[in-house]
Amino acid sequence: MNENGQIEARRQLDIIETCKQEIADRARELGRPLTYHISTFGCQMNFKDSEKLAGILEQLGYVEACDEKADFVLLNTCTVRENANLKVYGHLGILKSYKKKNPNMMIALCGCMMQEDVVLKKIQESYRFVDIIFGTHNIYKLAELIQTRMHSNRMVIDIWKDAKEIVEDLPSVRKYSFKAGVNIMFGCNNFCTYCIVPYVRGRERSREPEDIIAEIECMVRDGVVEVMLLGQNVNSYGKTLEQKITFAELLRRVEQIEGLKRIRFMTSHPKDLSDDLIAVMKDSNKICRHIHLPVQCGSSRLLEKMNRRYTKEQYLALVRKIREAMPDISLTTDIMVGFPGETEEDFQDTIDVVRQAEYDSCYTFIYSKRTGTPAAKEEQVPEEIVKERFQRLLDVVAEESAKRTGRLEGRTAEVLVEGVSEQDSSMVTGRLSNNLLVHFPGTEDMIGKLIMVRLDEAKGFYYIGSVVE
Ligand code: 5AD
Ligand code: SF4
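All values reported here derive from a predicted model rather than from experimental measurement.

**Student:** Account for helix 3 (residues 82-101), naming residues and giving values.
**Tutor:** The end-to-end C-alpha distance of helix 3, which contains 20 residues, comes to 30 Å, matching closely the 28 Å that a straight helix rising 1.5 Å per residue would cover. Considered for burial, the residues of helix 3 that qualify are A84, N85, V88, Y89, L92, L95 and K99. The arc that holds the buried residues of helix 3, viewed along the axis, is 135°, so those residues lie on one side. In this structure, helix 3 carries N83, K87 and K101 as exposed residues pointing more than 90 degrees from its buried face. Here the buried face of helix 3 lies against strand 3 (72-77), strand 4 (106-111) and helix 4 (117-126).

The structure is reproduced here in structure tokens:
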């Protein structure tokens, strides 16, 4: 972290201390602790941000509530598709009625959706009961924003167009004691023509490798055995640093951390996935056998219009190269249907990729027009055609994944146990290196441990197994 980042982090820690007193005073008046709830929408980045926000709230003395009937409610929003925005407005309608019953309640909004001018305007005009609005670049300021709101009776708005320094080392909570996400970079420079992320998350910025390693070492001392390295495009990690470093090189360094058992990462852009990365993965026994490799669509013509910078053939060649090096790898992807100008022929290319790439799972989306992106100005494909294609895609995805079900049956593999099964308390649930879920008879004390399990029976998306003594 640079000097400005350190100064800002210290300033925020001081604010947390003073704000904590004020919150304790309020709690005394009420005769109970103040409660908080965070509802998170969207991707892993947002979930990671929510852990940081929860860390600040807990440091301030707020206690987590199980639902949105809390004293402080924060919606951490996503805007990647229009649906995500609609969900937030739905929640706001409900929160308004809660606030009527609890006048002490504070409602805050943050995240990607807040970076859009049209959204901000709409909330200022139609959702006057919201107390605090901030964006994606200044989440570390939460305590300061709460303090400002406590001393004024106006909506507090603090949205930055761009990120300043990276501020680290503020409190954070972790959902799991044994696994954690670690930001390695923020923002995105790719400007895929359908995507709003570069506009709301800003330009690509990588964290210094030393800061990343120190954070992971600290987590490992705390009991973490698996980390997920997070970035919109991890394969371009390090390009913006003064001392250049590649993602493959970072992985080599993370691998050396003693006590760390598993390394995952997300998301990989196919255009930047290097031979060196494949080599590091192949030689590693900590890096998990899973790559999320969004293809978006199978038509080279549309891929060019999307500014993805690879062709169908290049993508499939990459898939083959990865599978040759690691035959047991699990590949997953994101696919979009209905990008402007998509013809039946383009769509057939997408189907062809799904048939050839042998994905373990596909996240499928209907293209959603995002104001301000280049694709929004193009002629849109009629809704009925898109819906019909989407259904056909779902059918092919299901057919292809059925073919892969059961391929590991009878094998023995290491499982990281994540919790007691929700359906059956005599079973535990864990994940294979390739990210597939396994349920097997076990006990709570197995949580966070790596256990050898025989994969007895495949059940669609998961396996039923038994412990190998
Ligand atoms: N419409 C639909 N899906 C989108 N994605 C990104 N932007 C859009 C959009 N405008 C999808 C991409 C990306 C995933 C995170 O969300 O498939 O990989
Ligand atoms: Fe969006 Fe493309 Fe960046 Fe992914 S790589 S966040 S799809 S612009």
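**Student:** For the site of ligand 2, give the residues involved together with the corresponding values.
**Tutor:** Neighbouring residues of ligand 2: C188, N190, F191, C192, Y194, C195, V197, P198, Q232, H269 and R308. Here the shell around ligand 2 is composed, by residue class, of 7 nonpolar, 3 polar and 1 charged.

**Student:** Just give me the short version of the environment of K261, but keep the residues and values in it.
**Tutor:** Position of K261 relative to the elements: it lies in the loop between helix 8 (247-255) and strand 11 (262-266). Sequence separation between K261 and G448 is 187 residues, and the spatial gap between their C-alpha atoms is 11 Å. The contacts of K261, once residues within four sequence positions are left out, are V225, N285, K286 and L450.

**Student:** Tell me about the sheet that holds strand 7 (residues 179-183), and please be specific about residues and values.
**Tutor:** Across the sheet, which stays open at both edges, the 3 strands sit in the order 7-10-11 with parallel pairing between neighbours. A single partner strand is all that each edge strand has here, and the edge strands are strand 7 and strand 11. Across the sheet, the mean angle separating the axes of adjacent strands is 25° when strand polarity is ignored. Sitting on the sheet, helix 7 (residues 209-221) is in contact with strand 7 and strand 10 (226-230), with an inclination near 165° to strand 7.

**Student:** Provide a residue-level description of the pairing of strand 10, including the pertinent values.
**Tutor:** Of all 5 residues making up strand 10, 5 are buried, and the element is well covered by its neighbours. Neither face of strand 10 is exposed, since E226, M228 and L230 on one face and V227 and L229 on the opposite face are all buried. Here 5 bridges tie strand 7 to strand 10, and the two strands are oriented parallel to one another. Paired with N183 across the strands is L230, a residue of strand 10. Where strand 10 lies against strand 11, 5 bridges are found, and the strand directions are parallel. When the bridges of strand 11 are listed, E226 appears paired with R262. Between the parallel elements strand 10 and strand 11, the chain passes through helix 8 in a crossover that is right-handed.

**Student:** Got a sec to walk through the packing of helix 9 (residues 275-283) against helix 11 (residues 312-325)? Specific residues and values, please.
**Tutor:** Where helix 9 meets helix 11, the closest approach of the two axes is 10 Å, and the angle between their N-to-C directions is 25°. In terms of their interaxial angle, helix 9 and helix 11 are classed as roughly parallel. The two elements helix 9 and helix 11 cross, and the hand of that crossing is right-handed. Residue-level contacts link D275, I278 and K282 of helix 9 to L318, K321, I322 and A325 of helix 11. Of the residues contributing to the contact of helix 9 with helix 11, the split by class is 4 nonpolar, no polar and 3 charged.

**Student:** Report on the packing of helix 1 (residues 3-30) against helix 5 (residues 142-150), specifying residues and quantitative values.
**Tutor:** Their axes nearest at 9 Å, the elements helix 1 and helix 5 cross at an angle of 45°. Looking at the two axes, helix 1 sits oblique to helix 5. Along this stretch, helix 1 crosses helix 5, giving a crossing that reads as left-handed. Listed contacts from helix 5 to R11, Q12, I15, I16, T18, C19, E22, I23 and R26 of helix 1 are A143, E144, I146, Q147 and M150. Among the residues making up the contact of helix 1 with helix 5, the classes are represented as 7 nonpolar, 3 polar and 4 charged.

**Student:** Kindly report on the site of ligand 1, identifying the contributing residues and their values.
**Tutor:** In the vicinity of ligand 1, the contacting residues are V80, R81, Y194, Q296, D334, M336, F365, I366, Y367, S368 and R370. Here an oxygen atom of ligand 1 and a side-chain polar atom of Q296 are 2.6 Å apart. At 2.6 Å from an oxygen atom of ligand 1 is found a side-chain nitrogen or oxygen belonging to D334. Compared with its free state, where it exposes 400 Å², ligand 1 has 85% of that area covered by protein. Elements that contribute at least two residues to the shell around ligand 1 include exactly strand 13 (330-337) and strand 14 (361-366). Of the residues contributing to the shell around ligand 1, the split by class is 6 nonpolar, 2 polar and 3 charged.

**Student:** Could you give an account of the pairing of strand 11, naming the residues involved and the relevant values?
**Tutor:** Two faces belong to every sheet, and in a regular strand the side chains alternate between them. Within strand 11, 5 of the 5 residues are buried, which leaves the element mostly enclosed by the surrounding structure. Neither face of strand 11 is left uncovered, since the one carrying R262, R264 and M266 and the one carrying I263 and F265 both have all their residues buried.

**Student:** If you had to explain the sheet that holds strand 15 (residues 412-420) to someone new, which residues and values would you point to?
**Tutor:** Pairing between the strands of a sheet comes from backbone hydrogen bonds, and it takes one of two forms, parallel or antiparallel. Read around the barrel, 5 strands follow the order 15-16-17-19-18 and close on themselves; strand pairing throughout is mixed. Each neighbouring strand pair of the sheet contributes to a mean axis angle of 50°, computed without reference to strand direction. Two strands pair when backbone bridges link them, and strand 15 and strand 18 (residues 450-459) are joined in this way by 5 bridges, in the antiparallel orientation. Residue pairing across strands places A413 opposite V453, the latter belonging to strand 18.

What counts, and at which threshold
Residues numbered from 1 in each chain as written. Chains lettered and ligands numbered in written order. Predicted model: local features only at pLDDT ≥ 70, side-chain atom pairs only at ≥ 80, totals over all residues. Heavy atoms only, no water. Helix = DSSP H or I, 4+ residues; strand = E, 2+ residues; numbered from the N terminus. Expected span 1.5 Å × (residues − 1). Buried < 20%, exposed > 50% of the residue type's maximum accessible area, 1.4 Å probe, protein only. Arc of directions from axis to C-beta. Contact = heavy atoms within 4.5 Å. Near = heavy atom within 4 Å. Nonpolar A, V, L, I, M, F, W, Y, C, P; charged D, E, K, R; others polar. Pairing = 2+ DSSP bridges. Axes fitted to C-alpha atoms, helices over the stretch in contact; angles between N-to-C directions. Right-handed = clockwise from strand over helix to strand, strands pointing away. Parallel < 35°, antiparallel > 145°, perpendicular 65-115°, else oblique. Left-handed = near helix turned anticlockwise from the far one by under 90°. Polar contact = N/O pair within 3.5 Å; in protein donor to acceptor, adjacent residues only side chain to side chain. Areas by Shrake-Rupley, 256 points an atom, 1.4 Å probe, with all protein chains shown as cover.

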